Each structure stands twice: as structure tokens, then as C-alpha cells.
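Residue-level structure breakdown
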Amino acid sequence: MKLIKVADYNEMSRIAADYVIERIHRNPQIKLGMPTGDTPRGLYRELIADHEKNGTSFKEVQTFNLDEYIGLSGQDPQSYRYYMDIFLFDHIDIDKKNTHLPKGDAEDAFAEAEAYEKLIQDSGNVDLQILGMGGNGHIGFNEPGTPFDSMAHVVELTLATRNANAKFFGSLESVPKRAITMGIATIMGSKEILMLVSGAGKSEAVSRLLEGPIEEAFPASVLRMHPHATIIADKAALSLC
Ligand code: GLP
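Analysis parameters
Note on numbering: residues in each chain are counted from 1, in written sequence order. Two thresholds apply to this predicted model, a pLDDT of at least 70 for residue-level local features and 80 or more for giving and counting side-chain atom pairs, whereas whole-chain, interface and lining totals are computed over all residues. UniProt positions are given in the numbering used here, feature names are shortened, and annotations may be inferred rather than shown by experiment. Going along the chain from the N terminus, every DSSP run of H or I of four or more residues is numbered as a helix, and every run of E of two or more is numbered as a strand. Pairing between strands is defined by DSSP: at least two bridges between them are needed. Between N-to-C directions, angles span 0 to 180 degrees; the directions come from axes that are lines fitted to C-alpha atoms, helices contributing only their stretch in contact. We call two residues in contact when their backbone-placed C-beta atoms lie within 7 Å.

**Considering the UniProt feature "domain: Glucosamine/galactosamine-6-phosphate isomerase" (unreviewed entry) in the chain**
Residues annotated by UniProt as "domain: Glucosamine/galactosamine-6-phosphate isomerase" (unreviewed entry) correspond here to residues 14-225. As annotated, residues 14-225 comprises 35% helix and 15% strand, and the C-alpha atoms at either end are separated by 26 Å.

Listed below in C-alpha cells is the structure:
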């Protein structure tokens, strides 16, 4: 796993944007895997700025988000579909029909997870998967203990993850209890992985990621087995390494 050390959140976001833009220029039909949360907001801002300033086009780009909450429709301001629209898709020239997320309001969440996996596999898999990391090492919504060979599936969120995401909902009670997520094997099937980590709050997780054992108890550790994984981490996130 290649490590790129940066000073702070802004530098992480800029370098990540350069990385993604370079890949788009190389392959305008690239399939990008997209994360949500606070971490990629700066990257998305930089992508919008580059689209406006330099005309980088997303017309033929396809996106596959990592996960979605069960029970929320795409119009719900807390849904990841809504997040992607307001923080990225509405500001670039991407064709919305090329943007994919699991449907949180699907009648049968299990069937939806299966269909989402099939969609990804049928597309030939993600070229560049961008990732954030939860404080407990989760990637997407793959919580500690998720089998490394898991495909897209329905997941019960841990209290730790629901607490961490309560900041977006106003209260813990409003955070959904279940989600659909790409599996660990889905994520590992992408050709390239770019993980972004920022802030002291992630420092323990980063040191475990870089120096701890590769184990299902710490999902992000699986990335060390990927042939083309890069992590961009800032000083604060690396403070325990
Ligand atoms: C959520 C998302 C993850 C994300 C994580 C970290 O649980 N499902 O994909 O990586 O939060 O979020 P943040 O970037 O806000 O720390």
C-alpha cells in the first residue's frame, strides 16, 4: 500500500482531486467508486472547481456509491443519494443515469443488495474506488467482523457507527439502523483504491491500518492485500505512526 503524507485536510483534498482528475483524463469513461461522510467533501469541492475552471468533463464517467441507508428515499436530505447530488453531481456535467447507489427505499433490501452487486459486476467492476474510513476501521458500512469475501449486503449498523453519523442527523434516534453496502470483496475487486484519512480522530485507526495485523476485526486492513491501493493521510491522522 502506497502512503502519501500531506499537511492537512485541504492538501489531502487537492492531491486526491489531482489523482482522480488525472485518471478521468486517461479514461473519460472511468467507473469511480464514491464514498460519503465528511472526509470526501473537500475532494468533491475540488472536482467541482476543476470542472468550472478547467472544463474537466464527467459526461461519460460512471459512479457507484459504496452504501446507502435503508429506509431513506433519494429525496431524503439524509440519504447518500441526496448528499451526492448536492455536494457533487448537481455541479458537474455528469449524466445522472450514470450515477448509481443502492436504493434505500427498495421494497426488498436483500434483493436490492443483490441487484446492486450484479450491476457492479455486469459493468466490469469499479476502476478507482475512493474510500474514507470509520474510526473502527469500517469501509463503506462493512463493520468489524465482516468476512473479507463478502459481496454487497444488508448490514446492521453498530452503535459506534450510528453515533459517529448522528452529527448528520441531529440525534442518534434518527440514524437508520440498517444500510446496504458494497461488500469487502466488492471493494477489493476494484482495479485501484484511493483511501483518504484526515484528523486526529482517525489516528488510532490509521496506525492500526498501517501497522496492525490484517484481520476481519479491522476491515480496512484488507487494503494492504490490494495490489494498487494508495492512502492519502494528513499529519494529524498519522500522529500515532
Ligand atoms: C460512514 C460512511 C463511510 C465513511 C465513514 C467515515 O460510515 N458509510 O463510507 O467512510 O462514515 O466518515 P467521515 O468521513 O465523516 O469520518
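Next comes the rest of the write-up.
**Here we look at the sheet that holds strand β7 (residues 153-156)**
Sheet strands pair via backbone hydrogen bonds, and the direction of the pair is either parallel or antiparallel. In spatial order, the strands read β4-β8-β7; together these 3 strands make up an open sheet with antiparallel pairing. Where the open sheet ends on each side, the last strands, each with one partner, are β4 (67-69) and β7. Across the sheet, the axes of successive neighbouring strands diverge by a mean angle of 25°, strand direction being ignored. When β7 meets strand β8 (residues 178-181), the two strands line up antiparallel, connected through 4 bridges. Opposite Glu156, over in β8, you have Arg178 as the bridge partner.

**Examining the UniProt feature "active site" (unreviewed entry) in the chain**
Residues annotated in UniProt with the feature "active site" (unreviewed entry) correspond here to Asp67, Asn136, His138 and Glu143. For Asp67, the position within the fold is in strand β4. Discounting residues that sit within four places of it in the chain, Asp67 has contacts with Tyr80, Pro102, Gly140, Phe141, Ala179, Ile180, Thr181 and Met182. Here His138 lies in the loop between β6 (128-131) and β7. In this view, His138 contacts Glu143, Pro144, Thr161 and Pro219; residues no more than four positions away in its chain are not counted.

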